[in-house]
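Observations on chain architecture
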Amino acid sequence: MNQQRHLSYPAAIAIVSLIFFAWGGMTSLNDVLIPHLKAVFAMNYAQTMLIQFTFFGAYFLMSLPSGSIVSRLGYKPSIVIGLLTAAVGALLFYPAAKLPSYGVFLTALFVLASGITLLQVAANPYISLLGNPATSHSRLNLAQALNSLGTTVFPFFIGPLILSGAVLGTEQLAAMTPEALATYRTAQAQSVQVPYVLLAAGLVLMAVLVFALRIPPLREATDAADGRHHTYAEALRRPHLRWGVLAIFLYVGAEVSIGSFLINYMAMPDIGGLSEATASRYLVWYWGGAMVGRFIGAALMTVVDARKLLALFAVVAAVLLAITMGSKGNVALWSVLAIGLFNSIMFPTIFTSAIEGMGPLTGKASSLLVMAIVGGAVIPLAQGALADHIGIQAAFFLPLVCYAYIAWYGLHGSRLGVQALPHDAGQTPARAMH
């Protein structure tokens with residue numbers, strides 16, 4: 001049989017998990033680019049934050065086109081195209097640094113993020129479909145754990161290459177002659193060339209590997225396997241997907257919001273009284289906790305219902321936020337840092353729950369879920385506005401509400417065939433497609 005010539009599911013999972021590791025690492029390098037390019041182009045923070053705005057903007061703008069690519073071409077070709085697109089973006093860092101030009105840097109970042117968006121749309125559902133549906137949540141949690149490992153490893157090894165030159169302060173730059181200043185900025189900009197060319201080469205190699213190997217096509221979960229044209233509106237008629245899109249939006253928003261305020265929060269005199277440099281070292285407990293939790297979660301989900309575990313973790317995260325809002329000192333500090341451990345399983349578990357039973361609509365469902373990652377840009381802005389008026393500690397009420405919704409989604413909204421809310425009365429509940 002032709003199917004026998006394909007790689008085994010475990011081998012295919014290993015290959016795709018390597019891609020999760022790579023895109024996690026590339027995403028984390030934005031945190032290195034922000035201080036680096038700020039120094040190179042002597043920008044303020046608002047201008048520098050265009051890096052994150054461009055990255056999240058690519059998720060929002062390119063998710064639906066990526067879903068169309070997956071629906072028409074299937075998972076394997078889409079993964080190859082995503083890797084090659086990301087490679088082109090990484091290569092564009094070379095001319096951006098050669099000029100140097102911030103606009104070209106942002107263009108390169110947008111292309112790179114567009115490739116990662118296609119990888120997200122294709123690889124997240126693909127790995128959840130590889131094998132027994134009962135363990136799909138565990139597989140995606142394990143792959144996301146490797147993604148988190150990439151976010152830890154890449155800045156550690158590649159970050160020093162990008163930040164190899166001494167970053168001078170405003171007074172030192174002001175004292176330099178125009179010629180010396182131009183030489184300094186060119187040298188700083190060009191320090192990104194070698195790392196990103198090497199990243200591009202690695203992405204091309206992975207694309208060749210995926211193209212050459214016979215990974216299972218799983219065309220039955222794409223539009224290509226169905227003679228009927230499917231729409232995004234049709235996908236959104238499934239309540240468990242619709243509530244899942246909102247759950248991803250709120251989860252990513254809550255996770256990024258908490259992480260964005262941690263340093264300032266821990267520096268508050270009645271919380272930690274730490275310097276910003278010292279507080280930054282505590283971030284490993286928040287983001288590292290998410291990585292450890294995903295490995296633990298992948299194991300737990302082989303014996304515990306994933307949706308119930310999602311609800312439990314969301315409730316614990318909400319309780320920890322309530323504790324940090326109502327306490328001071330070490331209790332407030334460590335309760336907020338501990339949330340990272342319970343964030344761990346949320347994204348992959350929401351994702352696999354939302355695409356379950358979607359059949360040929362899986363590609364479109366995936367693109368809608370990836371599009372919802374834009375919550376990481378919206379919710380932090382809202383929490384920032386709250387913090388300006390009521391303070392950082394009280395503003396944690398916003399992510400607390402997000403976790404309350406996620407708990408509801410785990411217990412009720414994620415169920416196949418869940419009854420629609422009142423305004424959806426009369427619609428037929430979605431059933432699992434086998």
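Here the structure is a predicted model, which means the values were calculated and not measured. (Residues numbered from 1 in each chain as written. Predicted model: local features only at pLDDT ≥ 70, side-chain atom pairs only at ≥ 80, totals over all residues. Heavy atoms only, no water.)

Helices and strands together make up the secondary structure of the protein chain, namely 23 helices and zero strands. Sorting the 434 residues of the protein chain into buried and exposed places 54% on the buried side. Considering only residue pairs separated by 6 or more positions, the protein chain has 83% of its internal contacts joining residues 24 or more positions apart. (Helix = DSSP H or I, 4+ residues; strand = E, 2+ residues; numbered from the N terminus. Buried < 20%, exposed > 50% of the residue type's maximum accessible area, 1.4 Å probe, protein only. Contact = heavy atoms within 4.5 Å.)

Another aspect to go through is a nonpolar patch on the surface. A cluster of nonpolar residues, Val292, Ile296, Leu300, Val303, Val304 and Leu341, forms a patch on the protein surface that exposes about 460 Å² of accessible area. It is helix α15 (residues 283-300) that provides the largest number of residues to the nonpolar patch, a total of three residues. Structurally, the position occupied by isoleucine 296 is in helix α15. (Patch = residues over 30% accessible without salt bridge, like charges linked within 9 Å, V, L, I, M, F, W, Y side chains within 5 Å. Areas by Shrake-Rupley, 256 points an atom, 1.4 Å probe, with all protein chains shown as cover. Salt bridge = Lys/Arg side-chain N within 4 Å of Asp/Glu carboxyl O.)

With 127 residues, the main nonpolar core has Tyr196, Met346 and Tyr403 as its most contacted residues. By residue number, the principal contributor to this core is helix α6 (residues 102-129), which donates 15 residues. Aside from chain neighbours lying at most four places away, what touches tyrosine 196 is Leu29, Leu33, Ala90, Phe93, Leu112 and Ile162. (Core = buried A, V, L, I, M, F, W, Y, C linked by side-chain atoms within 4.5 Å.)

On to the confidence of the model for the protein chain. Averaged over the protein chain, the pLDDT score is 84; the fraction of residues at 70 or greater is 87%. In this model residues 418-434 is a low-confidence stretch, pLDDT under 50, and it forms 30 contacts with partners more than four residues away in sequence or in other chains. (pLDDT = per-residue confidence, 0-100.)

When the charged atoms of two side chains with opposite charge come close together, those side chains can pair. Inspection of every chain in the model, using the stated rule, returns three salt bridges. Of the charged contacts in the structure, one is a salt bridge between aspartate 305 and arginine 415, with a shortest N-O distance of 3.6 Å. A residue pair is termed long-range when its members are at least 10 positions apart, and aspartate 305 in the loop between α15 and α16 (306-325) and arginine 415 in the segment after α23 (397-413) qualify at 110 residues. Exposure remark for aspartate 305: the relative accessible area of 33% places this residue in the partly exposed category. Residue arginine 415 is classed as partly exposed on the basis of its relative accessible area, which comes to 29%. The salt bridge involving arginine 307 is made with glutamate 356; its shortest N-O contact spans 2.5 Å. Separated by 49 residues along the polypeptide, arginine 307 in helix α16 and glutamate 356 in the loop between α19 (346-355) and α20 (362-371) bring together distant segments of the chain.

All right, on to α15 then. Given 3.6 residues to a turn, an α-helix orients residues that are three or four positions apart in the same direction. Over its 18 residues, α15 runs 25 Å from end to end, which matches the ideal 26 Å to within 8%, given 1.5 Å per residue. The sharpest bend along α15 measures roughly 25° and falls at glycine 289. (Expected span 1.5 Å × (residues − 1). Bend = angle between axes of the 7 residues up to and from the residue.)

Along the chain, the position of asparagine 141 falls in helix α7 (residues 136-157). Overall, asparagine 141 belongs to the buried group, its relative accessible area being 0%. Of note is the side chain of asparagine 141, whose polar atom sits 3.2 Å from the side chain of threonine 349. Discounting residues that sit within four places of it in the chain, asparagine 141 has contacts with Arg294, Ala298, Met301, Ser344, Ile345, Pro348 and Thr349. (Polar contact = N/O pair within 3.5 Å; in protein donor to acceptor, adjacent residues only side chain to side chain.)

Next up on the list: the packing of helix α4 (residues 50-73) against α6. In contact at an axis separation of 7 Å, α4 and α6 are set at 40° when each is read in the N-to-C sense. Here α6 runs oblique to α4, going by the angle between their axes. Regarding α4 and α6, the two cross each other, and that crossing is right-handed. Grouping the amino acids of the contact of α4 with α6 by side-chain chemistry returns 18 nonpolar, eight polar and no charged. (Axes fitted to C-alpha atoms, helices over the stretch in contact; angles between N-to-C directions. Parallel < 35°, antiparallel > 145°, perpendicular 65-115°, else oblique. Left-handed = near helix turned anticlockwise from the far one by under 90°. Nonpolar A, V, L, I, M, F, W, Y, C, P; charged D, E, K, R; others polar.)

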